[in-house]
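Each chain, written out:
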Amino acid sequence: MTTATTTDLVRIGAKLYAVNPEVIDLDDVIPLFHGWIQQRVLDGVPIDVADYAHVPDGPGVMLIGHEADRSLDLAGGRPGVLYQRKRDGSGDLPERFAASIAAADRLAADVEADPLGHGVRFDRDEILIVVPDRLRVDNDDAALEELREAVTAALATTRPGRTAELTRVTDDPGGPLRIRVRLT
């Protein structure tokens, strides 16, 4: 029997917010994501594109994958790119956090570089870390403190030389643990 602990944590997401969300055209994100599937440019096994743009403050447009989902996410009323690892994480916990942040950075760079991104830019100084694994992590201050060292170590890898302020997002106590990272 396996005991669920934070060291087993694999389901880790990272979101980067759009600086200029007014240029985003979700209708163009659909062919952008389909193009990535057809061109086989992604790590892992991409499966399909799902359009949830009709859901207010919802997941937007998602590129569903076997190992991870990528999306142009609208949650919280703040559009951004979200990389959400679902399975097959490797390394220790700081390395898994760093991998999700690095994947969000790649997703942001890929959208920024594509003409279908219409010149959107994503802020690398604010990161929303999402931990949707309620079996292993509660959404409370104790969980933030338990994960603080691993997230800080991941930021030392992905944002070297920066100072990070970590706070728990508390607007949805029934939702997953979300950690807002502000870098200076």
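Provided above is the structure to which this section pertains.
The structure presented is a predicted model; accordingly, all values stated were derived computationally and were not measured.

A. Representation of the pattern of salt bridges within the structure. In total, this model carries 12 salt bridges according to the counting rule given. For lysine 15, the salt bridge is made with aspartate 73, and the minimal N-O distance between the two is 2.6 Å. A residue pair is termed long-range when its members are at least 10 positions apart, and lysine 15 in strand E1 (residues 13–18) and aspartate 73 in strand E4 (residues 68–73) qualify at 58 residues. Accessibility expressed as a relative area gives 3% for lysine 15, which makes it buried. In this structure, glutamate 126 engages arginine 78 in a salt bridge whose closest nitrogen and oxygen atoms are separated by 3.0 Å. Within this pair, whereas glutamate 126 is found in strand E6 (residues 122–131), its partner arginine 78 is found in the loop between E4 and strand E5 (80–85), the two being separated by 48 residues in sequence. Here glutamate 126 falls in the buried class, since its relative accessible area comes to 6%. When its relative accessible area of 32% is taken as the criterion, arginine 78 is described as partly exposed. Through salt bridges that share partners, Arg78, Glu126, Arg180 and Arg182 make up one connected network.

B. Region of interest: the packing of helix H2 (residues 93–113) against helix H3 (residues 141–158). Contact pair H2 / H3: the axes reach a minimum separation of 8 Å and the direction vectors enclose 50°. With respect to their mutual orientation, H2 and H3 come out oblique. Between H2 and H3 the crossing geometry is right-handed. Of H3, the residues touching H2 (which contributes Leu93, Pro94, Phe97, Ala98, Ile101 and Ala102) are Leu147, Ala150, Val151, Ala153, Ala154, Leu155, Thr157 and Thr158.

C. Highlighting the environment of proline 46. Structurally, proline 46 is set in strand E2 (residues 46–52). The class for proline 46 is partly exposed, based on a relative accessible area of 23%. Taking the C-alpha atoms as reference, proline 46 lies 8.2 Å from alanine 68; in sequence the two are 22 residues apart. What proline 46 contacts, discounting residues up to four positions off in sequence, is Ile37, Leu63, Ile64 and Gly65.

D. Focus on the sheet that holds E2. Spatial ordering of the open sheet is given by E2-E3-E4-E5-E1-E6-E8-E7, a layout of eight strands whose pairing is antiparallel. Lying at the two open borders of the sheet, with one neighbouring strand each, are E2 and strand E7 (164–168). Each adjacent strand pair in this sheet contributes to an overall mean axis angle of 20°, direction not counted. Bridge analysis of E2 against strand E3 (residues 60–65) gives six bridges, and the strand direction is antiparallel. Each residue of the ladder has a partner; that of proline 46, found in E3, is glycine 65.

E. The pairing of E5, seen in detail. Of all the six residues making up E5, six are buried; the element is thus mostly covered by neighbouring parts of the structure. Of the two faces of E5, the one lined by Gly80, Leu82 and Gln84 and the one lined by Val81, Tyr83 and Arg85 are each fully buried. Pairing of E1 with E5 involves five bridges; the strand directions are antiparallel. Bridge pairing links tyrosine 17 to glycine 80 in E5. By the bridge criterion, six bridges tie E4 to E5 in an arrangement that is antiparallel.

About the cut-offs
- Residues numbered from 1 in each chain as written.
- Predicted model: local features only at pLDDT ≥ 70, side-chain atom pairs only at ≥ 80, totals over all residues.
- Heavy atoms only, no water.
- Salt bridge = Lys/Arg side-chain N within 4 Å of Asp/Glu carboxyl O.
- Helix = DSSP H or I, 4+ residues; strand = E, 2+ residues; numbered from the N terminus.
- Buried < 20%, exposed > 50% of the residue type's maximum accessible area, 1.4 Å probe, protein only.
- Axes fitted to C-alpha atoms, helices over the stretch in contact; angles between N-to-C directions.
- Parallel < 35°, antiparallel > 145°, perpendicular 65-115°, else oblique.
- Left-handed = near helix turned anticlockwise from the far one by under 90°.
- Contact = heavy atoms within 4.5 Å.
- Pairing = 2+ DSSP bridges.

That is the geometry; function is a separate question.
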